Structure formats: C-alpha cells, structure tokens
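Chain by chain, the residues run as shown.
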Amino acid sequence: MTVIDIPGSKSVTARALFLAAAAEGTTTLLRPLVSDDTEGFAEGLTALGYTVRREPGAWHIEGRPAGPGADTAEVYCRDGATTARFLPTLAAAGHGTYRFDASAQMRRRPLGPLSTALRDLGVDLRHGEREGHHPLDVHARGVKGGALTLDAGQSSQYLTALLMLGPLTAEGLDITVTDLVSEPYVEITLAMMRAFGADVRQDGRTYRVAPTGYRARTYGIEPDASTAGYFFAAAALEPGRSVTVPGLGTGALQGDLAFVDVLRRMGADVEITGAGTTVRSTGRLHGLTVNMRDISDTMPTLAALAPFADGPVRIEDVANTRVKECDRLDACAENLRRLGVTVTTGPDWIEIQPGTPTGPVEIATHGDHRIVMSFAVTALRTPGITFDDPGCVKKTFPDFHRVFDTFVHTP
C-alpha cells in the first residue's frame, strides 16, 4: 500500500484566507496549499493592505474587520477564480477604490451574477471592458446588507463570496438562491464560516447571515480531495495497486471525496475511516451512468479513466464544466478522440465508449491543470502521452509530476 500526502485543499485555503482577513485578531493557517492560485490570493490581500506572513507549513494573517488597509489598490488575480471572485467581495465591505484584473483565461470566465448581486446591495462596481467579466473597479463604502436573489447555477463561488460577506455587513444578508451547482462547496463555506464565529442558517433555498463579524483562530487545512482523486483513479486502474490518503476521511469537509463512491460503483475497493481514505484495485472497472453536478471538478478524472471500463461511461449534469479554466467537456472529448476513443457529448453530458487509447499523442491542455492531471492517469496505460503545457499544474499542485511519478514507480 502506498501512502500519499496530498497538498492542502485549494477551496479550503481560499476560504480560510478570506475569513482570516475579515476576522478580529491574527489567524494561523496550518498546512495551507502553496500554489499559484493561493499565492495569488495572498498577494492580493497584501496589495489591499492586509498583513500576511508566510512560513513553511503555516501562514499568519492579521485580520481587519473594517476592511482593506489600503485606500486604493490594484490587484492582479492571475488565473484564480476564487481570488477573482472573493477579493472584490471582501474589498466591498471596506472603504476605498480598488481595481481588479486577471489573466486572459480568467477574463473569459463569467462574473455577472456576482456583480449583479453586489450592485443590488448598493456596491458601486464597474466593469472596465466587457460587462460581467474582469477587469472591474470597486468603489467601496461598506455594505448595509439586506435581501437578494442569486442565480448560482454557473458557479457556487458566487454564493460563497456573498455568504462570507454577510457577517461584515451592517444588517446581515438574506440570500435566496434560484439555482445552485456544486452544493457541497457551499457546505464547506458554511462550516468554515461557523468555525470563525459566524451565525448563518439555511431555510430551504434561503441563507440567513447575521452581522456577527468573525473571530481569528488557528485553522488546519485538510488535503485537497480533487487532487487526491487522480491518485485514487490511478489506484483503481492498476491491478494490485492501492493508495491511502491520510487526513481525508469521514470528517472531511470537501464533497469531492464522493468521487471514491463513483470508483466503488465501478468496482474498486474503497475504505473510508476517520484517519483517511484507501482505494484498492480489484482488477476490474465497470461502465456506469453518473450525475456529477455536485462533484464536477472530478469529471475530467473520470473521463480520463473511462476508456478502461468494460462498458460505456456516461457523465451527466456537468454544464458548468464548460465555463471553468477551459471548456472541460470539449477538452476531454477532443483529447480522448485523438487517442482513438469514441466519445459523444451534449450540452451537459459526455459519454465515453470502452477502448484502448493509443499514442503517441500530445494532450491539448488548454492551460488547464485538471486536464493535465487527469490524463496523467490515462498515460499509465498509454505509452507516448505528452502534454503541450505540463507546467500549468502550478495552479494547484506545482509538484504533481514528481509526486505522481514517484507513486507510479512505488511497488
């Protein structure tokens, strides 16, 4: 059995950085993810006037409940969707003028529902070029609060940003959601807000957030469940292989751990305990139809594994994957077809027929870290796979290639 230490969760680290910056006192984050996304978030906080002190294994953030320390700032969000969506929302609670911009990739990704909601709350927010996209300017003068309606059908991050804003408002927020994707990520948000002292309650599709503020604390970051999925998939694929990820078990916050339930349905042996999760190959993988709306970040992982199943693999209700770092449905289909695999797609689904992928093929990554890490699983059984941009894994797991190679070559 191979034991793999997975880096900290990107989702948890980003939320913890927001909450720590907003809290009264100094927060210590233990084992935060160190990657392009999280470093971009931390640099954004620094540009806004927050004090962030980083050391190996721990980041210390001095909270500012009144908002950014800088009156004016320019923040570059890189490729980070959490940075690009959370930081303007955090800044809105303060007082000053702040400009946010991002990479060309992030500029393409939608922001409109969040922008509309912030404007409904009285925030003076202006898009510099294309409405609903970066760059944008926030002329902040605090947020009174109140009731609003939100469509979070494209991204749960819109709801998460507004929920985290709630305790910083003068009167609190009531948010009614008309549509919601990736709901387990909202559960992460609610649990973490409460850990930092917030009072947030859910009544059906309405979330009520009291204006409590936040309290600093020491907070441990659990391993990233989406990243663990590549190693779980590899273990399920290779006969005689098993892998254990410690620190990611029955108490985990992240819904993407449910990916192992998909692997179990396909035939893998899965054990989840309080200490961690283990996946073992049984030497077989079955086809299936699965709704991945709530765990859509693991869709490319399953797509890359699918050709090795004994029947078709159909993944449904994943329309939101078309507005990620790239159109992931099309990217998976494109690369699988280049490997000789039969694939059909629709607006929110992909179906992959069993077959033997054949190389050599250079995978078109579209600059998307998840495409690289997913097709690294395919490469276990397909000689000749290379990547046109292998370094884009720096977004969430800079050391992925070394760690995955070590895993593959460990008996």
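Please refer to the structure higher up on the page.
Residues numbered from 1 in each chain as written. Predicted model: local features only at pLDDT ≥ 70, side-chain atom pairs only at ≥ 80, totals over all residues. Heavy atoms only, no water.

Asks: Quick question: what am I supposed to make of helix 13 (residues 400-408) here?
Replies: Three or four residues apart is the spacing at which side chains of an α-helix point the same way, because the helix has 3.6 residues per turn. Looking at helix 13, one finds that the buried residues are F400, V403, F404 and F407. Viewed end-on, helix 13 has its buried residues packed into an arc of 95 degrees, placing them on one side of the element. (Buried < 20%, exposed > 50% of the residue type's maximum accessible area, 1.4 Å probe, protein only. Helix = DSSP H or I, 4+ residues; strand = E, 2+ residues; numbered from the N terminus. Arc of directions from axis to C-beta.)

Asks: Before we go on, may I ask you to explain the sheet that holds strand 18 (residues 276-280) in this structure?
Replies: Taken together, the four strands give an open sheet; going across it, the order is 1-16-18-17, and neighbouring strands pair in mixed fashion. A strand with exactly one partner marks an edge of an open sheet, and here the two such strands are strand 1 (2-3) and strand 17 (269-272). With two bridges joining them, strand 1 and strand 16 (residues 242-246) adopt parallel strand pairing. Across the sheet, T2 pairs through a bridge with V243, a residue of strand 16. (Pairing = 2+ DSSP bridges.)

Asks: Before we go on, may I ask you to explain the pattern of salt bridges in this structure?
Replies: When the charged atoms of two side chains lie near each other, side chains of opposite charge can form a pair. Evaluated as defined, the whole model comprises 31 salt bridges. With a closest N to O distance of 3.9 Å, E171 and K144 form a salt bridge. Of the two residues, E171 sits in the loop between helix 6 (157-165) and strand 11 (173-180) while K144 sits in the loop between strand 9 (136-141) and strand 10 (146-152), which places them 27 residues apart along the sequence. No difference in accessibility class separates E171 from K144, as the two residues are exposed. Because the salt bridges share partners, they merge into one network encompassing K10, D37, R109, D297, K324, E325, R328, D368 and K395. (Salt bridge = Lys/Arg side-chain N within 4 Å of Asp/Glu carboxyl O.)

Asks: What is the right way to look at helix 9 (residues 259-266) in this model?
Replies: Buried within helix 9 are the following residues: F259, V260, V262, L263 and M266. Taken end-on, helix 9 shows its buried residues confined to a sector of 150 degrees, consistent with a single buried face. Next to the buried residues of helix 9 lie helix 8 (225-237), strand 17, strand 18, strand 19 (288-291), helix 10 (299-305) and strand 20 (313-316). Following helix 9 by one or two positions, G267 adopts a phi angle in the positive range, close to 125 degrees. (Contact = heavy atoms within 4.5 Å.)

Asks: Would you explain empty space enclosed by the protein in this entry?
Replies: A probe matching the size of a water molecule, rolled over the atoms, marks out where space remains unfilled. In the structure shown here, the tally under the stated rule is two cavities of 30 Å³ or more. A volume near 270 Å³ is recorded for the largest cavity. At the level of secondary structure, the elements contributing two or more residues to the lining of the largest cavity comprise helix 1 (10-22), helix 3 (81-92), helix 6 and helix 12 (369-378). In terms of residue class, the lining of the largest cavity is built from six nonpolar, nine polar and nine charged. Volume-wise, the second largest cavity comes out at about 50 Å³. Looking at side-chain class alone, the lining of the second largest cavity contains one nonpolar, four polar and five charged residues. (1 Å grid on protein atoms, 1.4 Å probe; cavity = no way out; pocket = protein on both sides within 12 Å on 5 of 7 lines; lining within 4 Å. Points joined across faces, edges and corners; volume = space filled by probe spheres on them. Nonpolar A, V, L, I, M, F, W, Y, C, P; charged D, E, K, R; others polar.)

Asks: Any chance you could explain the pairing of strand 20 here in plain terms?
Replies: For a regular strand, side-chain orientation follows a simple rule: the groups alternate between the two sheet faces. Only one face of strand 20 is buried, namely the one carrying V313 and I315, since none of R314 and E316 on the opposite face is buried. This β-α-β element, strand 19 to helix 10 to strand 20, shows right-handed connectivity. Direction of pairing for strand 20 relative to strand 22 (residues 350-352): antiparallel, over a ladder of three bridges. Its bridge partner being in strand 22, R314 is matched across the sheet by E351. (Right-handed = clockwise from strand over helix to strand, strands pointing away.)

Asks: Mind showing me how you'd approach the sheet that holds strand 7 (residues 95-101) here?
Replies: Backbone hydrogen bonds are what pair the strands of a sheet, in a parallel or an antiparallel way. Strand order in the open sheet formed by four strands is 6-7-9-8, with mixed pairing between adjacent strands. Unpaired on one side and paired on the other, strand 6 (72-76) and strand 8 (124-127) mark the two borders of the sheet. On average, each strand axis in the sheet is inclined to that of its neighbour by 15 degrees, with strand direction left out of account. Bridge analysis of strand 6 against strand 7 gives five bridges, and the strand direction is parallel. Looking at strand 7, one finds that V75 is bridged to F100. Against the sheet, helix 3 makes contact with strand 6, strand 7 and strand 9, and its axis sits at roughly 30 degrees relative to strand 9, the strand it touches most. (Axes fitted to C-alpha atoms, helices over the stretch in contact; angles between N-to-C directions.)

Asks: Just checking my understanding: could you explain the layout of surface pockets for this structure?
Replies: Estimates place the volume of the largest pocket at around 250 Å³. Taken together, 17 residues make up the lining of the largest pocket; nearest its centre are I6, P7, G8, R31 and P32. Here the residues of the lining of the largest pocket are counted per class, giving 11 nonpolar, three polar and three charged.

Asks: How do you make sense of the side chain of T2 when you look at a structure like this?
Replies: Mapped onto the elements, T2 comes out in strand 1. Here T2 is in contact with R241, S242, V243, T244, F407, T410 and P411, once residues within four sequence places are set aside.

Asks: Even after reading the chapter, I still don't get the packing of aromatic side chains, so can you show me in this structure?
Replies: Aromatic ring pairs are reported here in terms of the distance separating the ring centres and the angle at which the planes meet. Considering all chains together, one arrives at 10 aromatic pairs under this definition. Aromatic rings pair up to connect Y230, F231, F397, F400, F404 and F407 into one cluster. Directly above the ring of W59 sits R54, whose terminal nitrogen or CZ lies 5.4 Å from the centroid. Positioned above the aromatic ring of F407, the side-chain terminus of R241 is 4.8 Å from the ring centre. (Phe/Tyr/Trp six-rings, centres within 6.5 Å; stacked < 30°, edge-to-face > 60°. Lys NZ or Arg CZ within 6 Å of the ring centre and 35° of its normal.)

Asks: In this structure, what is going on with the pairing of strand 3 (residues 26-30)? I would like to understand it.
Replies: The pairing of strand 3 with strand 5 (residues 58-62) spans five bridges and is classified as antiparallel. Looking at the pairing, T27 lines up with I61 of strand 5. As judged from the three bridges shared by strand 3 and strand 15 (residues 218-220), these two strands associate in the parallel manner. Of the residues in strand 15, the one forming a bridge with T28 is T218.

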